[in-house]
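Inside the fold
These are the residues of each chain, in order.
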Amino acid sequence: MEEYIIKGGKPLVGEVTIGGAKNAALGILAAAIMTDETVTIDNLPDVRDINVLLQAMEGIGAHIERVNRHVVRINGSNIGSVNIDYEYIRKIRASYYLLGALLGKYKKAQVALPGGCNIGSRPIDQHIKGFKALGATVKVDQGMIDAQADELIGNHIYLDVVSVGATINIMLASCMAEGKTIIENAAKEPHIVDVANFLNSMGANIKGAGTDVIRIKGTDKLHGSEYSIVPDQIEAGTFMVAAAATKGDVLLKNVIPKHLEAISAKLVEIGAEVEEFDDAVRVIAKKRLGSTHVKTLPYPGFPTDMQPQIATLLALSEGTSIVTESIFENRFKYVDELARMGATITVEGNTAIIDGTEEFKGAIVSAPDLRAGAALVIAGLVADGFTYVDQIQYIQRGYESFEEKLQALGASIERVDVDDEKEIQKAKLKIS
Ligand SMILES: CC(=O)N[C@H]1[C@@H](OP(=O)(O)OP(=O)(O)OC[C@H]2O[C@@H](n3ccc(=O)[nH]c3=O)[C@H](O)[C@@H]2O)O[C@H](CO)[C@@H](O)[C@@H]1O
Ligand SMILES: C=C(OP(=O)(O)O)C(=O)O
């Protein structure tokens, strides 16, 4: 097991290049096996979730060639099984995209109920409703989802809740169905658009992605493609907040500023400077920032995947802030950890009332999930003294070379083996 040791107090200064979006890449990789031709995917983030999904795909017979750290070639012509091993599924949420992809291509799939971050109950009823509307029989038994159809026929599907996963899964299953599918109340996140663009590059006919009505005309066959994944909105947002929290000055390269508007707007509102360029943003904070209200919402609202990071920043800002989590019911688990560092946050239902404090003190804390883990690292970058963040395997699910990117911005952070006392002492000496 590894942990991060952080010596706080240094502003982040410099440039950081943002990688490809994990949550787009997961949908795109699953989609890639829907053709028998070779697909080349560029700007792939080298993070744990992606590597697990690639292993799961290899496990059913897909040919995976890692051209380099960020480029992969996939050929799905030799897929011999539509049954995904539980070992992979329990580790990641997006394993459920293989359900839509396999059902779309082979009209059958068996996938265990997915894992992912424990941030709420996370039902998949809308995915199942969509598959059934396309004509599939779907059974959930002993933790396995079994979906089969003689043929898939396009239909009009209204999602009861705005769901990223269900929108992508229905796009996957329906793009090779007979006739036309309409998804209403669809999610509009940048990764929805990216998965749709990728499928279209393979010959699918998907219109309206990025709006709440997506129209899909089924096609018999998809073909090979070369595609570059969109920059990661959440990795970028995390570095923006880290820059602001440390009173730093960071230029983030390889981003789409439009995707970051909800985050930029909040930072500007509380007193940070945000400069936008064509494919970069610069965040500067010269002083302690102010308070605000944040409510998480589906895109283009403030992303739930940025809630722990912004709450951490607000816990250091002047005044009282209110953060309302409206997507997941269990996404405040980091609050107790932050309290150990000096934060004053009261959670009432889905609302956190934050009384800003001027200083955090270093502490031993544990990452409860991916984004909460990133938030604790931000807290450590600001805190007085040493902070130890353990359970960093959650953080590694979604941030490539996190500590290296932070080190390049001047942060004192090291990744060490929790059981190696010598290594820990050496790391502490190095960053003291
Ligand atoms: C791999 C991936 O891309 N994960 C993202 C995806 O998760 P995920 O796709 O799981 O999230 P959804 O958008 O589906 O969930 C949104 C809300 O809808 C509910 N719901 C969802 C599906 C369903 O069938 N029934 C139902 O009730 C969920 O419990 C939640 O309250 O979008 C979330 C919301 O932006 C992000 O936090 C996750 O990082
Ligand atoms: C919650 C997240 O991921 P997942 O849906 O894969 O658990 C996330 O990316 O913040």
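Residues numbered from 1 in each chain as written. Chains lettered and ligands numbered in written order. Predicted model: local features only at pLDDT ≥ 70, side-chain atom pairs only at ≥ 80, totals over all residues.

Per an unreviewed UniProt entry, the protein carries the name UDP-N-acetylglucosamine 1-carboxyvinyltransferase and comes from Velocimicrobium porci. According to the UniProt record, the Catalytic activity (unreviewed entry) comment for the protein is "phosphoenolpyruvate + UDP-N-acetyl-alpha-D-glucosamine = UDP-N-acetyl-3-O-(1-carboxyvinyl)-alpha-D-glucosamine + phosphate". The UniProt entry for the protein carries the following comment under Sequence similarities (unreviewed entry): "Belongs to the EPSP synthase family. MurA subfamily." (UniProt positions renumbered as here; feature names shortened; annotations may be inferred.)

1. Considering the sheet that holds strand β2 (residues 13-17)
As summarised here, the arrangement of the 4 strands in space is β2-β14-β16-β15, forming an open sheet in which the pairing is mixed. For this open sheet the edge positions go to β2 and β15 (273-276), each flanked by a neighbour on one side alone. Neighbour-to-neighbour, the strand axes of this sheet turn through a mean angle of 15°, independent of strand direction. On the sheet, helix α8 (residues 233-245) packs against β2, β14 (249-253) and β16 (280-284) and is oriented at approximately 170° with respect to β14. (Pairing = 2+ DSSP bridges. Helix = DSSP H or I, 4+ residues; strand = E, 2+ residues; numbered from the N terminus. Axes fitted to C-alpha atoms, helices over the stretch in contact; angles between N-to-C directions. Contact = placed C-beta atoms within 7 Å.)

2. Things to note about the UniProt feature "active site" (unreviewed entry) in the protein
Sites flagged by UniProt as "active site" (unreviewed entry) map to Cys117. Note that cysteine 117 resides in the loop between β6 (108-112) and α5 (125-133). Residue cysteine 117 is classed as buried on the basis of its 22 C-beta neighbours within 10 Å. Other than its neighbours up to four places away in sequence, cysteine 117 contacts Asp369 and Leu370. (Buried ≥ 20, exposed ≤ 12 C-beta atoms within 10 Å, placed from the backbone.)

3. Let's talk about α8
In this model α8 runs 18 Å from its N-terminal to its C-terminal C-alpha over 13 residues, within 8% of the 18 Å that 1.5 Å per residue would give. Counting buried positions along α8 gives 13 out of 13 residues, so the element sits mostly inside the fold. Among the residues trailing α8, lysine 247 stands out with phi positive, at a value near 55°. (Expected span 1.5 Å × (residues − 1).)

4. Structural notes on the site of ligand 1
Around ligand 1, the structure places 21 residues, and the nearest of them are Asn23, Gln126, Ser163, Val164 and Gly165. Broken down by secondary-structure element, the contributors of at least two residues to the shell around ligand 1 are α1 (22-32), α5 and α6 (164-174). When residues are assigned to domains, the shell around ligand 1 turns out to be shared by domain 1 (2-19 + 231-431) and domain 2 (22-228), each giving three or more. (Near = placed C-beta within 6 Å. Domains from an automatic or database assignment.)

5. Brief notes about the domain arrangement of the protein
As far as domains go, the protein holds domain 1 (2-19 + 231-431) and domain 2 (22-228). The partner domain 2 presents 16 residues to the 18 residues of domain 1 that form the contact. Counted by class, the side of domain 1 that touches domain 2 contains 6 nonpolar, 6 polar and 6 charged residues. (Nonpolar A, V, L, I, M, F, W, Y, C, P; charged D, E, K, R; others polar.)

6. Remarks on the nonpolar core
Of all hydrophobic cores here, the largest spans 156 residues; its most connected members are Ile28, Met171, Met240 and Ala244. Among the elements that make up this core, the one with the highest residue count is helix α12 (residues 370-382) (10 residues). Each of domain 1 (2-19 + 231-431) and domain 2 (22-228) contributes no fewer than three residues to this core. Once residues within four sequence positions are removed from consideration, methionine 240 is found in contact with Leu252, Leu260, Ile263, Leu267, Val281 and Val283. (Core = buried A, V, L, I, M, F, W, Y, C linked by C-beta atoms within 7 Å.)

7. Some words on the environment of alanine 411
For alanine 411, the location among the structural elements is in the loop between α14 (402-408) and β23 (412-417). Owing to 25 C-beta atoms within 10 Å, alanine 411 belongs among the buried residues under this scheme. Spatially, the C-alpha atoms of alanine 411 and lysine 7 are 7.9 Å apart, while their sequence positions differ by 404 residues. Setting aside residues no more than four positions away along its own chain, alanine 411 makes contact with Lys10, Leu12, Leu381 and Leu406.

8. Some details on unusual backbone geometry
A cis amide bond links tyrosine 299 with the next residue in sequence, proline 300, at an omega value of 10°. Within the element layout of this structure, proline 300 appears in the loop between β17 (293-295) and α10 (307-315). With a phi angle near 60°, asparagine 185 is a residue other than glycine that sits in the positive phi range. Tracing the sequence through the fold places asparagine 185 in the loop between β10 (180-184) and α7 (190-201). Although it is not a glycine, asparagine 254 adopts a positive phi angle of roughly 60°. Topologically, asparagine 254 is positioned in the loop between β14 and α9 (261-269).

9. Describing the sheet that holds β10
Read across the sheet, 4 strands follow the order β9-β10-β12-β11 without closing on themselves; strand pairing throughout is mixed. Since the sheet does not close on itself, it has two edges, and those belong to β9 (156-158) and β11 (205-207), each with one partner. Adjacent strand axes in the sheet meet at a mean angle of 15° when their direction is disregarded.

10. Considerations on the pairing of strand β1 (residues 2-7)
By the criterion of burial, β1 is predominantly enclosed, with 5 of the 6 residues buried. Bridge count for β1 against β23 is 6 bridges, and the pairing is antiparallel. Bridging from a neighbouring strand, isoleucine 5 pairs with glutamate 414 of β23.

11. Quick word on the packing of α1 against helix α2 (residues 48-59)
It is at 10 Å that the axes of α1 and α2 come closest, and there the two elements cross at 5°. On the basis of their axis angle, the class for α1 and α2 is roughly parallel. Facing α1, whose interface residues are Lys22, Ala25, Leu26 and Leu29, α2 presents Asp49, Ile50, Leu53, Leu54 and Met57. Looking at the contact of α1 with α2 residue by residue, the classes come out as 7 nonpolar, no polar and 2 charged. (Parallel < 35°, antiparallel > 145°, perpendicular 65-115°, else oblique.)

12. Notes on the packing of helix α4 (residues 97-106) against α6
Relative orientation of the contacting elements α4 and α6 amounts to 15°, with a least axis distance of 7 Å. In terms of axis orientation, α4 runs roughly parallel to α6. Both α4 and α6 take part in a crossing whose hand is right-handed. Along its contact with α4, which presents Tyr97, Leu99, Gly100, Ala101, Leu103 and Gly104, the element α6 presents Ile168, Asn169, Ile170, Leu172 and Ala173. (Left-handed = near helix turned anticlockwise from the far one by under 90°.)

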